[in-house]
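If you want the building blocks of each chain, they are given just below.
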Amino acid sequence: MGTDRHFRVWRGNEAGGELKDYQVEVNEGEVALDVLHRIQATEEPDLAVRWNCKAGKCGSCSCEINGKPRLACMTRMSTFEETETVTVTPIRTFPIVRDLVTDVSFNYAKALAMPAFKPPGELAPGEYRMQQVDIERSQEFRKCIECFLCQTICHVIRDHEENKEAFSGPRLFIRAAELDMHPLDARSDREEFAQAAQGLGLCNITKCCTEVCPEHIKITDNAIIAMKERVVDERFDPLVRLGRKIFRRDRRQPASTK
Amino acid sequence: MTTTSAKPSPAMPGGPRPRAAIAAKTLRTDRWWLPSLLSGGGFGLFVLYTGIRCFFIQESFWVEQYHYLTPVFSPCISEKCPDNASDLGQWLPASLPFFIPLPILTLGILTVFRLTCYYYRKMYYRAYFMSPPGCAVNEPAKKYSGETRFPLIFQNIHRYGWWLACGLLMINTWDAVRAFHGADGDVAGGFGIGLGTLIIWGNLVMLWGYSVSCHACRHITGGRLKHFSRHPVRYWLWTKVSKLNAKHMEFAWASLFSVIITDVYIMSVSAGWITDLRIFN
């Protein structure tokens, strides 16, 4: 049986906006995206909401519900009290397009700037062979659905617009880790790129990205900290550098033989 | 109908385009401040206790009868230490300037190790520096440079802190072995066991758990490898450390409390406030 719930939804565009109130019916088993669609169907036909799969796999319906970045399609209405006001706003870190839709092209620009996978020179396409044990760390990061919730909650760019130029964000850090841990990636400068071009040093590992990831990727522990430790190997640890000189490993070995 | 509105910051030519104009610092309705309050308060209490103990109560750290040495003062390397408690020698003079605590070596190593720990960094950045105060809660600072500049760039020395802490742990392990000491040296070759022994060993397990579950340890054992299949032993070690690493926060807190409990117990026995509950000899 349905209940009447109080919703507040941000309506607006680049010129400004406001939170608008709605009393809307909520039925058993529904998620927040269902309720937004009901508002769209009954009261606000021009309410802009980006969505696609409604199964938590496309990453389109990212928004902030009661202040927390979440997927609207995976936010069960049963998690709220019947008397609780539910506030839905667009993700804050990116420029607004309209209502709940933001322009997330920042993330694509950062992805483009990242050096792609470099296959090993000694192997021809079709000769690539990998053991599961070598690839499973990278596979965790491939679960990313690019909802950009980690990007929007990251205070480095959420609270400091000026850092956007120097900082790529958690989504791109897991990409960096995925490639650096890839058994066949032939690039040996990924740590340097992560530190110098992606702004890994700006991350202060407060783990908000891990907390919001709908795919439960251990972004901080398995990617960011792992990359930070690899950067320490390359940049900050004199003993590692000395060890490489002593054992004549002053140049890093090709990735496929490390 | 309208409840909140704000004008967006104007778009600069060629600069950032405006975000949604939401004035509230956060719209979170849960008690997001509670974890930071508890962890910040808990850690503050530990720092306060350790500070008072190391600077103002530089006694009652050794129980001669049962060879209990508190981990806060181990290794005991001052001329002030009883001979039986200073297996590593007495390098420091009995009287030190007021700003140098008796366990300077222990305190220094633990400070470097714990302050650069990835878990504690998360905790104190949130609780003390409010950077950020909570997830999706605006941080008050106008500028932010993360760990790219002095002094925070020195967070990168964490692995050195880990190596030093491992050395300290070896000494703690020796102390724990020595704590199997009975009051009567003629019974069972001087072997004995009491509640203090069990507390010391419980603390030792927590300290080892915290150190082995460290992210730097995880990296050193196998995290830095590209090919696990070529290093099966290191891979095996890495899988075990990774399992412990998932509990690093729990070990961090458990070891803080276990150090305090051990120190309070040994101080109490040493000062004669309580008698050690003996199980054997």
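Residues numbered from 1 in each chain as written. Chains lettered and ligands numbered in written order. Predicted model: local features only at pLDDT ≥ 70, side-chain atom pairs only at ≥ 80, totals over all residues. Heavy atoms only, no water.

Peer 1: Now, about the overall build of chain A: what can you tell me, with residues and values included?
Peer 2: Scanning chain A from terminus to terminus reveals 10 helices and 7 strands. Taken along its principal axes, the extent of the C-alpha atoms in chain A is 70 × 40 × 30 Å. When the 258 residues of chain A are sorted by exposure, 58% land in the buried category. Across chain A, every contact between residues at least 6 apart in sequence was considered, and the portion connecting residues at least 24 apart equals 63%. When the accessible surface of chain A is summed, it comes to about 11,300 Å², and 50% of that surface belongs to carbon and sulfur atoms. (Helix = DSSP H or I, 4+ residues; strand = E, 2+ residues; numbered from the N terminus. Buried < 20%, exposed > 50% of the residue type's maximum accessible area, 1.4 Å probe, protein only. Contact = heavy atoms within 4.5 Å. Areas by Shrake-Rupley, 256 points an atom, 1.4 Å probe, with all protein chains shown as cover.)

Peer 1: Please set out unusual backbone geometry residue by residue, giving values where relevant.
Peer 2: Of the consecutive residues serine 74 of chain B and proline 75 of chain B, the connecting peptide bond is found in the cis state with omega at 5°. In this fold, proline 75 of chain B is placed in the loop between β3 (68–69) and α2 (104–115). Look at isoleucine 205 of chain A: it is not a glycine, yet its phi comes out positive at around 40°. With respect to the element layout, isoleucine 205 of chain A can be found in the loop between α7 (190–196) and α8 (208–212). Taking relative accessible area as the criterion, isoleucine 205 of chain A reaches 1% and is therefore assigned buried. Even without being a glycine, histidine 67 of chain B presents a positive backbone phi close to 60°. Here histidine 67 of chain B lies in the loop between β2 (62–63) and β3.

Peer 1: Got a sec to walk through the packing of aromatic side chains? Specific residues and values, please.
Peer 2: What the rule picks out here adds up to 22 aromatic pairs over all chains. With a centroid separation of 6.0 Å and an interplanar angle of 50°, the aromatic rings of tyrosine 124 of chain B and phenylalanine 129 of chain B are classed as tilted. Residue tyrosine 124 of chain B is classed as buried on the basis of its relative accessible area, which comes to 8%. Assessed through its relative accessible area of 52%, phenylalanine 129 of chain B is described here as exposed. An aromatic cluster is defined as three or more aromatic residues linked by ring pairs; in this entry it consists of Phe43, Phe113, Tyr119, Tyr120 and Tyr210 of chain B. The ring of tryptophan 238 of chain B is capped by arginine 137 of chain A, whose NZ or CZ atom sits 5.8 Å from the centre of that ring. Its guanidinium or amino end placed over the ring of phenylalanine 106 of chain A, lysine 164 of chain A lies 5.7 Å from that ring's centre, counting from NZ or CZ. (Phe/Tyr/Trp six-rings, centres within 6.5 Å; stacked < 30°, edge-to-face > 60°. Lys NZ or Arg CZ within 6 Å of the ring centre and 35° of its normal.)

Peer 1: Before we move on, could you go through the state of the cysteines and cite the residues and values that matter?
Peer 2: Scanning the entire structure with this criterion turns up 2 disulfides over all chains. Paired through a disulfide, cysteine 208 of chain A and cysteine 135 of chain B show a sulfur-sulfur distance of 2.1 Å. Looking along the S-S bond of the cysteine 208 of chain A-cysteine 135 of chain B disulfide, the torsion reads about -90°, which is the left-handed sense. Remark: cysteine 135 of chain B occurs in the loop between α3 (118–127) and α4 (158–178) and cysteine 208 of chain A occurs in helix α8; the pair is interchain, linking two chains. Note on accessibility: cysteine 208 of chain A and cysteine 135 of chain B belong to one class, buried. The residue that forms a disulfide with cysteine 76 of chain B is cysteine 81 of chain B, at a sulfur-sulfur distance of 2.1 Å. Judged by the torsion about the S-S bond (-85°), the cysteine 76 of chain B/cysteine 81 of chain B disulfide is left-handed. For cysteine 76 of chain B, a relative accessible area of 3% corresponds to the buried category. For cysteine 81 of chain B, a relative accessible area of 4% corresponds to the buried category. Cysteine 117 of chain B takes part in no disulfide bond, and the closest cysteine sulfur, belonging to cysteine 214 of chain B, lies 6.5 Å away. Residue classification places cysteine 117 of chain B among the buried residues on the basis of a relative accessible area of 0%. Note on cysteine 217 of chain B: no disulfide assigned, nearest cysteine sulfur contributed by cysteine 214 of chain B at a separation of 6.4 Å. (Disulfide = S-S within 2.5 Å.)

Peer 1: Break down the side chain of aspartate 237 of chain A for me, citing the residues and quoting the values.
Peer 2: Looking at the element boundaries, aspartate 237 of chain A is found in the loop between α9 (219–236) and α10 (238–246). On the accessibility criterion, aspartate 237 of chain A (4% relative accessible area) is buried. Of note is the side chain of aspartate 237 of chain A, whose polar atom sits 3.0 Å from the backbone nitrogen of leucine 239 of chain A. Apart from the residues lying within four places of it in its own chain, the contact partners of aspartate 237 of chain A are Val232 of chain A together with Arg159 and Tyr160 of chain B. (Polar contact = N/O pair within 3.5 Å; in protein donor to acceptor, adjacent residues only side chain to side chain.)

Peer 1: Requested: an account of the confidence of the model for chain A, with residues and values cited.
Peer 2: With 96% of its residues at a pLDDT of 70 or more, chain A has an overall mean of 94. This stretch, residues 254–258 of chain A, has a pLDDT under 50; its non-local contacts, to residues over four places away or in other chains, come to 18 contacts. (pLDDT = per-residue confidence, 0-100.)

Peer 1: Before we move on, could you go through the domain arrangement of chain A and cite the residues and values that matter?
Peer 2: All names here are of chain A. Taken domain by domain, chain A holds domain 1 (3–102) and domain 2 (105–247). Each of domain 1 and domain 2 was reduced to a C-alpha centroid, and the two centroids are 31 Å apart. With 15 residues of domain 1 at the contact, the number on the domain 2 side is 17 residues. Buried area between domain 1 and domain 2, summed over both chains or domains, comes out near 1,100 Å², and the portion from carbon and sulfur atoms is 59%. On the domain 1 side of the interface with domain 2, the three residues burying the most area are Pro69, Thr93 and Phe94, jointly 51% of the side's total. On inspection of domain 1 and its partner domain 2, the count reaches 6 residue pairs in polar contact (both at pLDDT 80 or more). Where the side of domain 1 that touches domain 2 is concerned, the elements lending two or more residues are β3 (62–65) and β4 (68–71). (Domains from an automatic or database assignment. Buried area = accessible area lost by both parts, 1.4 Å probe.)

Peer 1: Please provide a residue-by-residue account of the interface of chain A and chain B, values included.
Peer 2: Between chain A and chain B, the contact holds 74 residues from the first and 61 residues from the second. Taken together, the two surfaces of chain A and chain B that pack against each other cover about 5,800 Å², and 49% of this comes from carbon and sulfur. Of the charged contacts, one joins lysine 68 of chain A and aspartate 30 of chain B as a salt bridge, the two residues approaching to 3.5 Å between their closest N and O atoms. Summed over the shared surface of chain A and chain B, the result is 43 residue pairs in polar contact (both at pLDDT 80 or more). Per-element accounting of the side of chain A that touches chain B gives the leading share, 10 residues, to α9 of chain A. A class-by-class count of the residues in the side of chain A that touches chain B yields 27 nonpolar, 18 polar and 29 charged. (Salt bridge = Lys/Arg side-chain N within 4 Å of Asp/Glu carboxyl O. Nonpolar A, V, L, I, M, F, W, Y, C, P; charged D, E, K, R; others polar.)

Peer 1: Kindly report on the packing of α9 of chain A against helix α6 (residues 215–223) of chain B, identifying the contributing residues and their values.
Peer 2: Any two packed helices are characterised by the angle at which their axes cross and by the distance between the axes. Closest axis-to-axis distance for the α9 of chain A/α6 of chain B pair is 10 Å, and the angle between their directions is 75°. On the basis of their axis angle, the class for α9 of chain A and α6 of chain B is roughly perpendicular. For the pair α9 of chain A and α6 of chain B, contact is made by Asp221, Asn222, Ile225, Ala226, Glu229, Arg230 and Asp233 of chain A and by His215, Ala216, Arg218, His219 and Gly223 of chain B, respectively. (Axes fitted to C-alpha atoms, helices over the stretch in contact; angles between N-to-C directions. Parallel < 35°, antiparallel > 145°, perpendicular 65-115°, else oblique.)

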